[in-house]
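# Inside the fold
Now for the letters of each chain:
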Amino acid sequence: MVKIILLAVISLTFLNASSFEENCLNCHGNDFKFNMMMKKYTQKYSSEKRIKEAIFDYLKEPTSEKSVLPYEYINRFGTKEKTTLDDKTLREMIDVYYDRFNLRSKIY
Amino acid sequence: MYKSEKQTIFYVLGLYLSSTLLLIATLFATYYFYKQDELMHAEKEILKEYSSALEDKLLFVHENSDEKYEYPRFENFNSAIYDIDKNLIFSKLDAKIDNLDKDFFFKGSNSYYISSLKPHYLGAAYSVVEKKRKPIDILNDLIITALIIITITIITSFFLVKLVLRPLRDNLRLLDNFIKETTHELNTPITTILANIETLDSKNCDEKSMRKLQRIKTASTTISNLYQDLVYLLLNHQISSQNEELNLSEILNQRVHYFSQAANIKKLNLHVAVKENVFFNADRQKMERLIDNILSNAIKYTGKSTTIKVVLTQHALSISDEGKGMSQDEISTIFQRYRRFDKTQGGFGIGYSIIKSIIDEYGIKINIESELDKGTKVTLTW
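Residues numbered from 1 in each chain as written. Chains lettered and ligands numbered in written order. Predicted model: local features only at pLDDT ≥ 70, side-chain atom pairs only at ≥ 80, totals over all residues. Heavy atoms only, no water.

### Digging into the overall build of chain B
For chain B, the count of helices and strands is 7 helices and 12 strands. The buried share among the 382 residues of chain B stands at 39%. In chain B, 67% of the contacts between residues at least 6 apart in sequence involve partners at least 24 apart. (Helix = DSSP H or I, 4+ residues; strand = E, 2+ residues; numbered from the N terminus. Buried < 20%, exposed > 50% of the residue type's maximum accessible area, 1.4 Å probe, protein only. Contact = heavy atoms within 4.5 Å.)

### With respect to the sheet that holds strand 3 (residues 104-107) of chain B
Paired through their backbone hydrogen bonds, the strands of a sheet run either parallel or antiparallel. All names here are of chain B. Taken in spatial order, the 5 strands of this open sheet run 2-1-5-4-3, and their pairing is antiparallel. The open sheet has two edge strands, strand 2 (88-91) and strand 3, and neither has a second partner. Neighbour-to-neighbour, the strand axes of the sheet open up by a mean angle of 20°, direction not taken into account. As judged from the 4 bridges shared by strand 3 and strand 4 (residues 110-116), these two strands associate in the antiparallel manner. Bridge pairing in strand 4 links Phe106 to Ser111. (Pairing = 2+ DSSP bridges. Axes fitted to C-alpha atoms, helices over the stretch in contact; angles between N-to-C directions.)

### Details of unusual backbone geometry
All names here are of chain B. Backbone torsion omega between Lys118 and Pro119 reads -5°, so that peptide bond is classified as cis. You can see Pro119 is positioned in the loop between strand 4 and strand 5 (126-132). For Lys86, which is not a glycine, the phi torsion comes out positive at approximately 65°. Within the secondary structure, Lys86 sits in the loop between strand 1 (78-82) and strand 2. A positive phi is found at Leu122, a non-glycine position, where the angle reads about 60°. Leu122 sits in the buried class, given a relative accessible area of 2%.

### Some thoughts on the interface of chain A and chain B
Residue-level contacts link 16 residues of chain A with 24 residues of chain B. Interface of chain A and chain B: buried area, both sides summed, is about 1,800 Å²; carbon and sulfur atoms make up 51% of it. For the salt bridge of Asp66(B) with Lys39(A), the shortest nitrogen-to-oxygen distance reads 3.4 Å. Counting every contact that joins chain A to chain B gives 17 residue pairs in polar contact (both at pLDDT 80 or more). At the level of secondary structure, the elements contributing two or more residues to the side of chain A that touches chain B comprise helix 2 (32-45) and helix 3 (48-60) of chain A. Here the side of chain A that touches chain B gets 6 residues from one element, more than from any other, and that element is helix 2 of chain A. Looking at the side of chain A that touches chain B, its residues break down into 4 nonpolar, 5 polar and 7 charged. (Buried area = accessible area lost by both parts, 1.4 Å probe. Salt bridge = Lys/Arg side-chain N within 4 Å of Asp/Glu carboxyl O. Polar contact = N/O pair within 3.5 Å; in protein donor to acceptor, adjacent residues only side chain to side chain. Nonpolar A, V, L, I, M, F, W, Y, C, P; charged D, E, K, R; others polar.)

### Here's the deal with a nonpolar patch on the surface
Taken together, the side chains of Tyr16(B), Leu160(B) and Val164(B) make up a nonpolar region of the molecular surface, amounting to roughly 270 Å² of accessible area. Turning to its location among the elements, Tyr16(B) is positioned in helix 1 (residues 3-64). (Patch = residues over 30% accessible without salt bridge, like charges linked within 9 Å, V, L, I, M, F, W, Y side chains within 5 Å. Areas by Shrake-Rupley, 256 points an atom, 1.4 Å probe, with all protein chains shown as cover.)

### Considerations on a positive patch on the surface
Residues Lys208(B), Lys212(B), Arg215(B), Lys267(B) and Lys304(B) make up a contiguous surface patch of positive charge. Inspection of the secondary structure assignment puts Lys267(B) in the loop between helix 4 (248-265) and strand 7 (269-274). (Lys, Arg positive; Asp, Glu negative; His and termini not counted. Charge placed at Lys NZ, Arg CZ, Asp CG, Glu CD.)

### A closer look at the pairing of strand 2 of chain B
Put simply, side chains in a regular strand alternate between the two faces of the sheet. All names here are of chain B. Where strand 1 lies against strand 2, 3 bridges are found, and the strand directions are antiparallel. By the bridge assignment for strand 2, Tyr82 is matched with Leu88. Between the end of strand 1 and the start of strand 2, which pair antiparallel, lie 5 residues, with Lys86 showing a positive phi angle near 65°.

### Section: the confidence of the model for chain B
Do not read the predicted coordinates in detail wherever pLDDT is low. Residue and element names in this part refer to chain B. Mean pLDDT over chain B: 84, with 92% of residues reaching 70 or higher. The weakest mean pLDDT in chain B belongs to helix 6 (residues 328-339) at 66; the strongest belongs to strand 1 at 95. pLDDT under 50 marks residues 338-348. Its contacts with residues more than four places away, or in other chains, come to 11 contacts. As a predicted assembly, this complex carries a pTM of 0.58 together with an ipTM value of 0.83. (pLDDT = per-residue confidence, 0-100.)

### Section: the packing of aromatic side chains
Residues and elements named next belong to chain A. Throughout the structure, instances matching the rule amount to 16 aromatic pairs over all chains. An angle of 20° between the planes, with centres 6.2 Å apart, marks the rings of Phe20 and Phe34 as stacked. In this pair, Phe20 sits in helix 1 (residues 2-28) while Phe34 sits in helix 2, placing the two residues 14 residues apart along the sequence. Looking at Phe20, the relative accessible area reads 0%, which means it is buried. (Phe/Tyr/Trp six-rings, centres within 6.5 Å; stacked < 30°, edge-to-face > 60°.)

Put into structure tokens, the structure is as follows:
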């Protein structure tokens, strides 16, 4: 039983992870900017809850006012498209994003 | 030094000292709190500087690191950061902080300063800096200085009070000397009169002159008695009791004899029942005053041709007359008069106040039984 649950959890995270690659990383790649974006969000929103909420908010309805990126950048490349993902998957993606990129766990 | 003078010195000294000490205490307390406040303020300033140093470092780390973020560490203080929802992000503190609302406080031997940060570098919305608290030990120094000042005040105030009271004292002394001299001079004529009457040859007198002579003698005795009372009251303050084992029986007999003349004139029947060799430890003069006063009161207030009983037992002396007596109210006013002595000094109360002061000194109890038109019985017990 335990084994099955363990397997399920592992496969789920793997699944999540792989879908994160698909859903987000295909555009964002492994570039430093994803890292930098997390820094900006952390700097602006401070706590995990608020960061996730803000990102969710942004991805659902990206506008230049909400963006944490430099004005020049948004001006030049424009905001991204609204996400096509459903809320649940989007939240999962954001969770993965936060888990991988958050600053808090990297402070030593 | 008089008792009253000593008392005055103590009162003035007490008043002066208590007010001065109160002033000193207030001053020092104010200074202490002010100083403490100042030190706290200084402490807070230091912590504020630490806090901004931490903020600078946080910014630097936030901007210049990518993979790992090294939390800024300092030699002279510890710190911690919290996110905007007050969750701990990272801490190097000794203690756990549960309240981020106060900006400056002490906990244990540390002082803390909390400031809110914006932007939230590394996510930090609050920073807490902690430093070993600088001991505020001005209290010891302050107490020592206060003690020194207080001793100086006490010493100077003592001299000051003496100086201020000096004129008063001189006046008192002058008055006292005057009274002493006059009373002394009063003594001589009285004794002369008494002595001379005593030596008068009664055989040379006819009966009429004899009676006049006796009246003169009684009057002189009364004056002498009054004089003794006065001396007692005036000099009492300075004369300490010279207590000795007195043969009370002998003294009583002497006093009765002394008043016998006065009793004769009123045709009183003196009924004396004195137990032999009753001893009592007291000052001779005072015991004489005590007996004289009670006895002379009895003689004064009893009617003509009545009986005065003087009874001495081992532990009691009672003197009773058959005079007009006193009502219960009057008896209680006598006692009041004793108490009021200081205010109604002189006049009627002299005899009673002397009685009162002497029985108080020797712990003798007094009991006055009296019935109107029947007589009064004064009983002393010890």
